[in-house]
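Fold and contact review
Residues per chain are reported as follows:
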Amino acid sequence: MDDGKFQIACFLTKSKSPKISYLKSNVSSLNKKKQMDLAIHSQRVITPEGITNATIGIENGKIVQIEKGLVKPENGAFTSVGNAVLMPGIVDAHVHINEPGRTDWEGFDTATRAAAFGGITSVVDMPLNSSPVTTNVDALTEKIAAAKGQLHINCGFWGGLVPYSLYELEPLLNSGVLGIKVFLTHSGIDEFPNVTEDDLFRALPLLAQYQLPLLAHCELDSSHENEYLLKENPKSYAAYLASRPKSWENEAVRLMLDLCRQFYCPTHIVHLVSTEALAAIQQAKKEELPVTVETCPHYLYFASEAIKDGQTAYKCAPPIREKANQTALWQALKDGDIDFIASDHSPAPPDIKGLESGNFETAWGGIAGLQFTLPATWTAAQQQGCSLEQLAQWLCARPAEFIGWGQQKGKIAIGYDADLVVWQPEAAFTVTEKMIQHKHKITPYLGEKLYGKVEQTYLAGQKIMENGQLLQKNKGRLLL
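Nothing here was measured: the structure is a model prediction, and the numbers come from that model.

This part is about the sheet that holds strand β6 (residues 90–95). The parallel open sheet is built from 4 strands, whose spatial order is β6-β7-β8-β19. Each end of this open sheet is capped by a strand with a single partner; those strands are β6 and β19 (478–479). The sheet contact formed by β6 and strand β7 (residues 120–125) spans 4 bridges and is parallel. Note that in β7 the partner of I90 across the bridge is I120.

This part takes up the nonpolar core. Residues M87, I180, L200, L214, M256, L272 and W423 are the most contacted members of the largest nonpolar core, which totals 109 residues. Residues contacting I180, with those up to four places away along its chain left out, are W158, G159, G160, L161, L169, L172, L173, L207, P213, L214 and L215.

A separate point is the sheet that holds strand β10 (residues 180–183). Strands sit in the order β9-β10-β11-β12-β13-β14 across an open sheet of 6 strands; the sheet is parallel. Each edge of the open sheet is held by one strand with a lone partner, namely β9 (159–160) and β14 (340–341). Across 4 bridges, the pairing between β10 and strand β11 (residues 214–217) is parallel. Its bridge partner lying in β11, V182 is registered against A216.

Turning our eyes to something else, we now look at the side chain of T185. Counting through the fold element by element, T185 comes out in the loop between β10 and α7 (197–210). The residues touching T185, leaving out its near neighbours within four places in the chain, are N194, H217, E219, D221 and R244.

Contact geometry of α7 with helix α10 (residues 246–263) gives a least axis separation of 10 Å together with a crossing angle of 45°. Our classification of the angle between α7 and α10 gives oblique. Judged by the twist between their axes, the crossing of α7 over α10 is right-handed. Taking contact as the criterion, the partners of E197, L200, F201, L204, P205 and A208 in α7 are, on α10, L255, M256, L259, Q262 and F263. Grouping the amino acids of the contact of α7 with α10 by side-chain chemistry returns 9 nonpolar, 1 polar and 1 charged.

Between its first and last C-alpha atoms helix α16 (residues 388–402) spans 20 Å; for 15 residues at 1.5 Å apiece the expected length is 21 Å, and the two agree. Its maximal kink placed at W394, α16 deviates by approximately 40°. Residues of α16 that are buried include every one of L388, L391, A392, W394, L395, C396, A397, P399, A400 and F402, and no others.

For the coordinates displayed, the defined rule picks out 16 aromatic pairs. Among the aromatic side chains, those forming a connected cluster through ring pairs are Y301, F302, Y314, F372 and Y445. Above the face of the W105 ring, R102 is positioned so that its terminal group lies 5.6 Å from the ring centre.

Moving on, we come to the pattern of salt bridges. Evaluated as defined, the whole model comprises 13 salt bridges. Two residues, D125 and K143, come together in a salt bridge whose shortest N-O distance is 2.6 Å. Note that D125 is positioned in strand β7 and K143 in helix α5 (residues 137–147), a separation of 18 residues in sequence. In this pair, the class of D125 matches that of K143, namely buried. The residue R261 makes a salt bridge to E287 at a minimum N-O spacing of 2.8 Å. Taken together, the residues span a long stretch of sequence, with R261 in helix α10 and E287 in the loop between α11 (278–286) and β13 (291–295) at a distance of 26 residues. For R261, a relative accessible area of 33% puts it in the partly exposed group. Residue E287 is classed as partly exposed on the basis of its relative accessible area of 35%.

Take helix α13 (residues 323–335) next. If you check α13, its first and last C-alpha atoms are 19 Å apart, about what 13 residues at 1.5 Å a residue would give, namely 18 Å. Within α13 the residues assigned to the buried category are N325, Q326, L329, W330, A332 and L333. Down the axis of α13, the buried side of the element spans an arc of 160°, and every buried residue falls inside it. Positive backbone phi, at 90°, marks G336, one or two positions downstream of α13.

The subject of this paragraph is the side chain of D344. Within the secondary structure, D344 sits in the loop between β14 and α14 (350–353). Despite its burial, D344 pairs with no opposite charge; the closest candidate is K181, at 6.2 Å N-O. Beyond its immediate sequence surroundings of up to four residues, D344 is in contact with H94, H96, H271, C296, H298 and I367.

Walk down a regular strand and you will see the side chains alternate between the two sheet faces. Two strands pair when backbone bridges link them, and strand β5 (residues 85–88) and strand β15 (residues 420–430) are joined in this way by 4 bridges, in the antiparallel orientation. The residue of β15 that forms the bridge with L86 is V422.

A word on the pairing of β6. By the criterion of burial, β6 is predominantly enclosed, with 6 of the 6 residues buried. Taken together, β6, helix α4 (residues 108–117) and β7 constitute a β-α-β crossover, and its handedness is right-handed.

This part is about the environment of E276. As for its position among the elements, E276 is in the loop between β12 (267–269) and α11. Taking the C-alpha atoms as reference points, E276 and L204, separated by 72 residues in sequence, lie 26 Å from one another. Residue contacts for E276: discarding those within four places in its chain leaves K246 and N250. Polar side-chain contacts of E276 include one of 2.7 Å to the side chain of N250.

Parameters and conventions
Residues numbered from 1 in each chain as written. Predicted model: local features only at pLDDT ≥ 70, side-chain atom pairs only at ≥ 80, totals over all residues. Heavy atoms only, no water. Pairing = 2+ DSSP bridges. Helix = DSSP H or I, 4+ residues; strand = E, 2+ residues; numbered from the N terminus. Core = buried A, V, L, I, M, F, W, Y, C linked by side-chain atoms within 4.5 Å. Buried < 20%, exposed > 50% of the residue type's maximum accessible area, 1.4 Å probe, protein only. Contact = heavy atoms within 4.5 Å. Axes fitted to C-alpha atoms, helices over the stretch in contact; angles between N-to-C directions. Parallel < 35°, antiparallel > 145°, perpendicular 65-115°, else oblique. Left-handed = near helix turned anticlockwise from the far one by under 90°. Nonpolar A, V, L, I, M, F, W, Y, C, P; charged D, E, K, R; others polar. Expected span 1.5 Å × (residues − 1). Bend = angle between axes of the 7 residues up to and from the residue. Phe/Tyr/Trp six-rings, centres within 6.5 Å; stacked < 30°, edge-to-face > 60°. Lys NZ or Arg CZ within 6 Å of the ring centre and 35° of its normal. Salt bridge = Lys/Arg side-chain N within 4 Å of Asp/Glu carboxyl O. Arc of directions from axis to C-beta. Lys, Arg positive; Asp, Glu negative; His and termini not counted. Right-handed = clockwise from strand over helix to strand, strands pointing away. Polar contact = N/O pair within 3.5 Å; in protein donor to acceptor, adjacent residues only side chain to side chain.

Shown next, in the form of structure tokens:
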């Protein structure tokens, strides 16, 4: 029996079940004689078995013991957070940090600071919009060097594939990247052109051999019949939405699933929006293909009907769609057709974001929202009748498994890293510029009333953030 099963007794209330009694006999109390680094108690600890009143013991950055109820050890530090939720630290598998090369857009310092303020303890950085883009070992080495001394939380890296970098792919796969990202349409960055189907035919056998995931931005710009609407009405959100129809996404998803059937390469659909693609995804999962899917908080929180013309802070690709589409996205999450949630944090300076011009045709397409992933998702999730346990799956456990760290992160369980967030689901706050830790104060969440106030963030058992103050800097490590 593994360590994860030993802890089940700590998760359950009193029961006469023989199975529970057997497991409980395998769980010791907090060792009162042994020096613990820290013991944390909460009346609401989110565990793989549910929410429980428990105390967890931490030693050398790991969760080493779990005991039901409030248990004060005789040795070591102790804290109780009362009724605040104690949850695994959030793992965000889709973040554009933009350093080196476009550090004026974001950067390791500001991005990981914002993450810590949002209860996020691990992120994975995309191969763009940094410059150079991370399509070879030299670029990865440069990115790792840029991150040194600036990581307030943990950080891993996706590599990238573009048409001219195929010969660089295998060395990159051996260099510590967690997988490979591609675009099927123009990325917005000329240094990162989209791949073709022929490129994928050449790359997928190697990725299948290494069993590392291919992450695909799924849009195929096969139809341009509505582009004239945006050219004639560049400030119209409805025109922007029409310029990137669902068919782009649907066709791209079908292509990636067909390639997955052929090569059996782990295939990941990033930021799914179009629910018209769900039937094909459901079929692929019935066939037990190695397919995973993510969506993003902004697709789950905002709906196109509420976006006014000229509000380019909302521009992203694929675009935020209608309320009915959003409702279907939530159902797909509940049903397991969508595996987890990632921020797709993609910030840009004010002039590039087109805040003054309000021009959707020329504005940078990306949502800045890393810091507000937890409260934005929870605010919308409550309206959908979702539970805290489901939230922990979507933000913590499943993304940790996806990036290959599911045996160490994403759960409150014995043997797991003590990366934790303490937050109040019932506490509401309004997003102000003063609280935003991103480099630029541009986000569609500005002025929104959100539920879920993050109070503390722990990294390897060390409290790094409390009540809006970064207590310890540069405690993050590389996830390679």
